[in-house]
Amino acid sequence: MITQVLHCPYCQGVDIVKNGKTPQGKQRYQCREQACDGRTFILEYAYPGQSRKVKQQIVDMALNGSGIRDTARVLHVSTSTVIKEIKKNKTNCNQ
């Protein structure tokens, strides 16, 4: 039997418990570390634009001068997702 140790994507803590399922049937987890205050997360999202990794890549590509359509094509997300993330992080992108 293999035991997988899960880490919270927000605080990297290991005090994780199962917390039900999403409407799509994906397992939801809850972090019980003090720093997270009960935040929930999913390991594999149905849409890649929801993951923190892809959101960070959108911001990084914007800082490197990639266009909206180019970013959407490379990361397999919609252009509206790219625009939403750039607007959310516009203070980081204007520097």
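So, here's what we can say about the structure. No experiment lies behind these values; they were computed from the predicted model shown.

What to know about the layout of surface pockets
If you add up the space inside the largest pocket, you get close to 240 Å³. Taken together, the elements giving at least two residues each to the lining of the largest pocket come down to strand 3 (40–42) and helix 1 (52–63). A per-class count over the lining of the largest pocket returns 9 nonpolar, 2 polar and 3 charged. Its volume calculated, the second largest pocket comes out at about 190 Å³. Lining of the second largest pocket is provided by 10 residues; of these, R52, K55, Q56, E85 and N89 occupy positions nearest its centre.

Quick notes on the pairing of strand 1 (residues 16–21)
As paired elements, strand 1 and strand 2 (residues 27–31) share 4 bridges and run antiparallel to each other. Its bridge partner being in strand 2, K18 is matched across the sheet by Y29. What sits between strand 1 and strand 2 in their antiparallel hairpin is a turn of 5 residues, with G25 showing a positive phi close to 90 degrees.

Some words on the environment of G25
Considering the arrangement of structural elements, one finds G25 in the loop between strand 1 and strand 2. On the basis of relative accessibility, which here comes to 42%, the residue G25 falls in the partly exposed class. G25 sits 21 residues away from A46 along the chain, and the two C-alpha atoms are 9.9 Å apart.

So, unusual backbone geometry
The phi angle at Q12 is positive, at roughly 65 degrees, despite the residue not being glycine. The topology assignment puts Q12 in the segment before strand 1. One non-glycine residue, H76, lies in the positive phi region at around 60 degrees. Checked against the element boundaries, H76 lands in the loop between helix 2 (68–75) and helix 3 (79–88).

A few points about the pattern of salt bridges
In total, this model carries 4 salt bridges according to the counting rule given. A salt bridge links D15 to R32, with the shortest nitrogen-to-oxygen separation between them at 3.5 Å. Placement of the pair is D15 in the segment before strand 1 and R32 in the loop between strand 2 and strand 3, with a sequence separation of 17 residues. Overall, the relative accessible area of 29% leaves D15 in the partly exposed class. Judged by relative accessible area, R32 falls into the exposed class, the value being 53%. Here D70 and R73 are joined by a salt bridge, their closest N and O atoms 3.7 Å apart. Highlighted residues: D70 and R73, both in helix 2, separated by 3 residues, approximately one helical turn. R73 sits in the exposed class, given a relative accessible area of 57%. Through salt bridges that share partners, K55, E85 and K88 make up one connected network.

Thresholds applied
- Residues numbered from 1 in each chain as written.
- Predicted model: local features only at pLDDT ≥ 70, side-chain atom pairs only at ≥ 80, totals over all residues.
- Heavy atoms only, no water.
- 1 Å grid on protein atoms, 1.4 Å probe; cavity = no way out; pocket = protein on both sides within 12 Å on 5 of 7 lines; lining within 4 Å.
- Points joined across faces, edges and corners; volume = space filled by probe spheres on them.
- Helix = DSSP H or I, 4+ residues; strand = E, 2+ residues; numbered from the N terminus.
- Nonpolar A, V, L, I, M, F, W, Y, C, P; charged D, E, K, R; others polar.
- Pairing = 2+ DSSP bridges.
- Buried < 20%, exposed > 50% of the residue type's maximum accessible area, 1.4 Å probe, protein only.
- Salt bridge = Lys/Arg side-chain N within 4 Å of Asp/Glu carboxyl O.

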